[in-house]
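An overview of the molecular structure
Residue strings, one per chain:
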Amino acid sequence: MKLGAIYSKEKTTFTLFSPVADSVFVIFYDKGNDSAQTGRLEMMRTEGEFGSIFSATAEGDLDGVYYTYEVHTPDGVFCSHDPYAKACGVNGHRSMVIDLAKTNPGGFANEDRPKLADPMSMVITEVSIADVSAGASAHSLYPGKFKAFTEDKTISYFKDMGVTHLQLMPSYDFASIDESDALKEQYNWGYDPYNYNVPEGSYSTDPFDGAVRVREYKEMVHSIHEAGLGVIMDVVYNHTFNVHDSCFYKTAGNYFYRMDSSDATKYSDASACGNEIASEKPMVRKYIIDSLCYWASEYHIDGFRFDLMGVLDIETLNEAREALLKINPDIIMYGEGWTGGESALPESERGMKINAKKTQGIGMFSDDIRDVVKGHVFYMDELGFVNGATDRGEELKRAVTCADWAKSPMQSINYLSCHDNYTLWDRFIISNSHESEEMRIRMNKLAASILFTAQGIPFFLHGEEFARTKISEADGAPIENSYCSPLSVNAIDYDRAEQFAELRAYYKGLIALRRAHKAFYLDTVDEIKKSVHFLDDMPDGVVAYTIDTDTEKVFVAYNASKNKITIKLSDALYEVLADESAAGDKALYTIKDQAIIPAVSCLVAVCKG
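Predicted model only: the values in this text are computed from it and were never measured. (Residues numbered from 1 in each chain as written. Predicted model: local features only at pLDDT ≥ 70, side-chain atom pairs only at ≥ 80, totals over all residues. Heavy atoms only, no water.)

Moving on to the overall build of the protein chain. Check the secondary structure of the protein chain and you find 14 helices and 25 strands. Taken over C-alpha atoms, the radius of gyration comes to 25 Å for the protein chain, in line with the 25 Å a tight globule of 609 residues would show. Along the first, second and third principal axes, the C-alpha atoms of the protein chain reach 85 × 50 × 50 Å. Looking at the 609 residues of the protein chain, the share that counts as buried comes to 62%. Across the protein chain, every contact between residues at least 6 apart in sequence was considered, and the portion connecting residues at least 24 apart equals 71%. If you sum the accessible surface of the protein chain, you get close to 22,800 Å²; carbon and sulfur atoms cover 49% of it. (Helix = DSSP H or I, 4+ residues; strand = E, 2+ residues; numbered from the N terminus. Rg over C-alpha atoms; globule rule 2.2 N^0.38 Å. Buried < 20%, exposed > 50% of the residue type's maximum accessible area, 1.4 Å probe, protein only. Contact = heavy atoms within 4.5 Å. Areas by Shrake-Rupley, 256 points an atom, 1.4 Å probe, with all protein chains shown as cover.)

Here the focus is the environment of Ile-492. Assignment of secondary structure puts Ile-492 in the loop between helix 11 (487-490) and helix 12 (495-499). Of the residues examined, Ile-492 reaches a relative accessible area of 2% and is grouped as buried. Once the C-alpha coordinates of Ile-492 and Ala-130 are considered, the two residues, 362 residues apart in sequence, prove to be 8.9 Å apart. Once residues lying within four places of it in the same chain are set aside, the contact partners of Ile-492 are Asp-131, Val-132, Ser-137, His-462, Gly-463, Phe-466 and Arg-468.

Here we come to the pairing of strand 22 (residues 553-559). Judged by how many residues are buried, strand 22 sits mostly within the fold: six of seven residues are covered. Here seven bridges tie strand 21 (residues 542-548) to strand 22, and the two strands are oriented antiparallel to one another. Note that in strand 22 the partner of Val-542 across the bridge is Asn-559. Here strand 21 folds back onto strand 22 in antiparallel fashion, the turn holding four residues. Judged from the six bridges that link them, strand 22 and strand 25 (residues 601-607) form a sheet pairing that is antiparallel. Bridge pairing in strand 25 places Val-556 opposite Val-604. (Pairing = 2+ DSSP bridges.)

Two elements in contact, helix 2 (residues 152-161) and helix 13 (residues 501-516), have axes separated by 8 Å at closest approach and are oriented at 60°. Regarding the angle of helix 2 to helix 13, the classification is oblique. Here Tyr-157, Asp-160 and Met-161 of helix 2 come into contact with helix 13, specifically with Arg-504, Tyr-507, Lys-508 and Ile-511. Taken together, the residues that form the contact of helix 2 with helix 13 break down as four nonpolar, no polar and three charged. (Axes fitted to C-alpha atoms, helices over the stretch in contact; angles between N-to-C directions. Parallel < 35°, antiparallel > 145°, perpendicular 65-115°, else oblique. Nonpolar A, V, L, I, M, F, W, Y, C, P; charged D, E, K, R; others polar.)

In this section: the side chain of Thr-154. Tracing the backbone through its elements, the reader meets Thr-154 in helix 2. Classification of Thr-154 by relative accessible area gives buried; the value is 9%. In this structure, Thr-154 is in contact with Val-132, Ala-148 and Phe-149, ignoring residues within four places of it in sequence.

Before going further, it helps to spend a moment on the sheet that holds strand 6 (residues 51-59). Ordered by their spatial adjacency, four strands build an open sheet running 1-2-6-5, and the pairing between neighbours is antiparallel. If you trace the sheet from one side to the other, it starts and ends with strand 1 (4-7) and strand 5 (44-48), each paired once. Strand-to-strand twist across the sheet, computed as the mean angle between neighbouring axes with direction ignored, equals 25°. Relative to strand 2 (residues 11-17), strand 1 is paired through four bridges, and the arrangement is antiparallel. By the bridge assignment, Gly-4 is partnered in strand 2 with Thr-15.

So, on to unusual backbone geometry. In this model, Leu-308 sits at a positive phi of 40°, which is unusual for a non-glycine residue. In this structure, Leu-308 sits in the loop between strand 15 (303-306) and helix 6 (314-327). Of note in the backbone geometry, Asn-421 takes a positive phi value of approximately 65° without being a glycine. With respect to the secondary-structure elements, Asn-421 resides in the loop between strand 18 (412-415) and helix 9 (424-431).

Let us look at the layout of surface pockets. Approximately 750 Å³ is the volume attributed to the largest pocket. If you trace the largest pocket, you find 34 residues lining it, with Trp-189, Asp-307, Glu-336, Asp-420 and Asn-481 closest to the centre. For the lining of the largest pocket, the leading source of residues is helix 7 (residues 367-374), giving four residues. Residues that form the lining of the largest pocket fall into these classes: 13 nonpolar, 13 polar and eight charged. (1 Å grid on protein atoms, 1.4 Å probe; cavity = no way out; pocket = protein on both sides within 12 Å on 5 of 7 lines; lining within 4 Å. Points joined across faces, edges and corners; volume = space filled by probe spheres on them.)

Time to look at empty space enclosed by the protein. What the rule picks out here adds up to five cavities of 30 Å³ or more. In this structure, the largest cavity occupies an estimated 90 Å³ of space. Looking at the largest cavity, the residues that line it are Leu-3, Thr-15, Leu-16, Phe-17, Asp-82, Pro-83, Tyr-84, Thr-251, Ala-252, Phe-256, Met-283 and Tyr-287. Elements that contribute at least two residues to the lining of the largest cavity include exactly strand 2, helix 4 (247-252) and helix 5 (282-298). Per-element accounting of the lining of the largest cavity gives the leading share, three residues, to strand 2. Tallied by class, the residues present in the lining of the largest cavity amount to nine nonpolar, two polar and one charged.

Geometry only, nothing functional implied.
Printed below as a string of structure tokens:
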């Protein structure tokens, strides 16, 4: 059953699931806002397995016609946008019928999606549409817009770094930005969904024309694909912006929401946003799967990152993966394997790390490696291996060999920082304020070397490679969560890429090193156990190991101590690929018999026999 506005040039059929309505009308408009209705059409009711289905057909070509649903319920009459809307007017309050074929840029319909020879060689960087291009140092022709990603200088930066996928922070239509006022200074990350299946209007060049945002989103994806990079979309199916202004509530009452198990009048709040979506209900599950499949098929999205995936149920996640694989056999799925609070959904049914073995093929962020490397994400006095807690070597060993909750290395999404919480550099500023900038750069390099040599999939926040910082203009202190801070705080400062050119080059080199050697991204947990061998009797602050595979032997050492160390090697020649100064896929120099690792640095070398 297809819901929403199903368009053809001859007619459009509107179909709505509404278990609470007595009657429903489609209301038509000639504009996306500030215009009177031009017509109304009563929808016919049929009884479905899970509640009433209302449908109506309007004859003729309705491409570009705006509409809403007038929903009559025992609790009142509600005017709602279409939950299944594919296009909308400014601020998303009115949905729009659209001929999607007309929005395809040249070559998009039959484009070849980028495909990695080895999926385990993925390197993901997280970007914000606004942050990438809206700052003055970006010099973009389309600041803060989807079209910025059609500019060569934007795309070439990521190609040059060697990443394989861009994870876009929320780019669907969200509620916190007034799209009608382009001159007003506004900023928000966008974790407040309003229209799940429509691109965000403030990122388009014309939010008043419902077709523009659709076409420009496709142009962005097509440009990224032509550069050989994949697109991963950040999706937020765990909650809505609010309840009573949501199209879910207006058309279906509380059906889409999970209620508190001890008080059925209260909303369960594992999202920490006042509500959570009841993904386990059949029509909610259908909605989520339909939405994912729509983005994957219509927009050619290569993968999805799930916000607070622990709020979603395992069955929905597994069914979604099964459906997506039919569209794209190489689809990528991963998310935050936790919740933001207690949920009415039983823990055994949640898409959480502890249940990772029940969601094969779906990855989860490894907060294990995040916290052991740099310190606890919430407690600034709890330090990590690289910045003071040199006694955490055993934890680090477990983290870099794929966290024990993961069924396969593909499930472990390793990271040091993301949009949430402090940037990696700001964490060092807070926890290691007594250290020199030079020492903090060494810590950063060491942390990055751990990230890119650990088993699993590496992920990093765009700008981490040049010490990205988010400093309050009020007091000069780092900002922990900048979701609604001004653009001056959030925008990427590309001048820092020059200021910290050595650090950026180090990240680039580590990415090249990793992708050139299969030893750093083994396929199975059993292969990791067989191949990785830790050296015994290392002092505090030192973790050293070899990776012995059928094709190569690699030596890796992390020295977080403030002392130079010397480690005896087997009687063989090694080519050094990374040390305290540089990294890459070409030999820096050779060593034999022993490896000397300066304080707070790493050494990576490949045995040449």
